[in-house]
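Below are the chains, spelled out letter by letter.
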Amino acid sequence: MPSLRKRKLPSGKTVWDIRYWISGKRKVFTIGETDRRTAMKIYAEFCRKHAGEKLDGTAIITEDSAEPVTGPHLSDLAVQVRLYAESNKSPKTLEREQLALSQIIRALGDISLSEITPAKIEEYKAARLKAAAPQTVNIEIRVLNTALNQAVEQQWWNNLPSSRFRQIRLPEAEPPEWLVEQQIEQLLATEDDEFRDFLLFLLHTGCRRNEALGVRWEDVDLGRRQVVIRGRVGKMGKRRTIPINDALQGVLSAWSRPRAEQLFPNYGPNQVSMKFRRWSRQIGLPTGISLHSLRATFACHLIKNGVDIYTVSRLLGHSSVKVTEKHYLALDPDHVMLAINILNFGGKAHPTG
């Protein structure tokens, strides 16, 4: 018979889980934070559902006979991470962290943090790769490492794992493709005015798709000629300000549609990406071109026209100028060749042959 376990977290909250055994291996079904009556109902339903699976366990653990717990468990870590993120991180980051930790708990069970070893994580990666992409597994490992680092910094508990776990080594990602002037003209030839304005906004700000969709009219200051990308939509919750150039100033000043709360209230992330793909195919752009290519186009054309890499990096909101350099050097080899041809040591070309 499965066992119901109640645990008190350092925060004072009460969480519940169900422990059971299959083929001699202990499994954990996490209920989470709730009251005793609800936990009992979930437990009873769980037992009915699995009655035919020959689950071998112990008697139910009630509130009065709660099993002693030695050290914090993964569910404790997830709760503390959520509480910390609610005050210090964006909602998207909070959601991503909780999803990753939930997946780890489902795979490993709600084990104590002292049981998390490099060997255990290697087993997790091997098993998880059967169902998920390496990039997804790496996100989960990064979230776990970040959570453990926060636990140390915030001194939530003592005797935490000292190791930080290795991610899967991946081949270097291909840089995003970018558009030349002729392709930009093709792209902007759409008869859909709202879609054209959206494309122009991306081309003139370098915003990510979700950043542009999250911009509100209150974030646009036509007098000061700037757009504020606020932490609620910026990557990793970062805020930045992008100047409005003459071309975009003209677009926004001539706006004929109702000025709703958001600039582009009629678009959702997936919807506008599919719209872009359909239009790209219709006008014959390369298959590798995506909405994100407009961000690369913004960066590439700025640097081709003499804007320094540090300014471009700030406009893009990159965490480091190295990120900008890595993408840009691969994006425009012709521009790099023009730069290197400035060198002419010796004063003239050496004869060949």
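A brief report on the enclosed structure follows.

The rules behind these values
- Residues numbered from 1 in each chain as written.
- Predicted model: local features only at pLDDT ≥ 70, side-chain atom pairs only at ≥ 80, totals over all residues.
- Heavy atoms only, no water.
- Pairing = 2+ DSSP bridges.
- Helix = DSSP H or I, 4+ residues; strand = E, 2+ residues; numbered from the N terminus.
- Buried < 20%, exposed > 50% of the residue type's maximum accessible area, 1.4 Å probe, protein only.
- Axes fitted to C-alpha atoms, helices over the stretch in contact; angles between N-to-C directions.
- Parallel < 35°, antiparallel > 145°, perpendicular 65-115°, else oblique.
- Contact = heavy atoms within 4.5 Å.

1. Some remarks on the sheet that holds strand β5 (residues 226-229)
One key point about sheets: their strands pair by backbone hydrogen bonds, in either a parallel or an antiparallel sense.
Right, so step 1: Taken together, three strands build an open sheet; the order of strands is β4-β5-β6 and the sheet is antiparallel. The sheet is open, and its two borders are formed by β4 (220-221) and β6 (240-243), each paired with just one other strand.
Right, so step 2: For β5 and β6, the ladder comprises four bridges, and the chain directions are antiparallel. Note on β6: the bridge partner recorded for V227 is I242.

2. So, the environment of R169
Right, so step 1: Examined against the element boundaries, R169 turns out to sit in the loop between α5 (134-153) and α6 (181-187).
Right, so step 2: The exposed category is assigned to R169, whose relative accessible area is 79%.

3. Overview of the packing of helix α2 (residues 74-88) against α5
What describes two packed helices is the angle between their axes and the distance between those same axes.
Right, so step 1: Two elements in contact, α2 and α5, have axes whose closest approach is 10 Å; the angle formed by their N-to-C orientations is 80°. In this view, α2 runs roughly perpendicular relative to α5, as classed from their interaxial angle. Of the residues in α5, those touching α2 at L74, L77, V81 and Y84 are L144, A147, L148, Q150 and A151.

4. Considering the pairing of β5
Right, so step 1: Relative to β5, β4 runs antiparallel, the two being bridged by two bridges. By the bridge assignment, V220 is partnered in β5 with V227.
Right, so step 2: Hairpin connection from β4 to β5: four residues lie between these consecutive antiparallel strands, with R225 at a positive phi of about 60°.

Any functional reading would require information that these geometric values do not contain.
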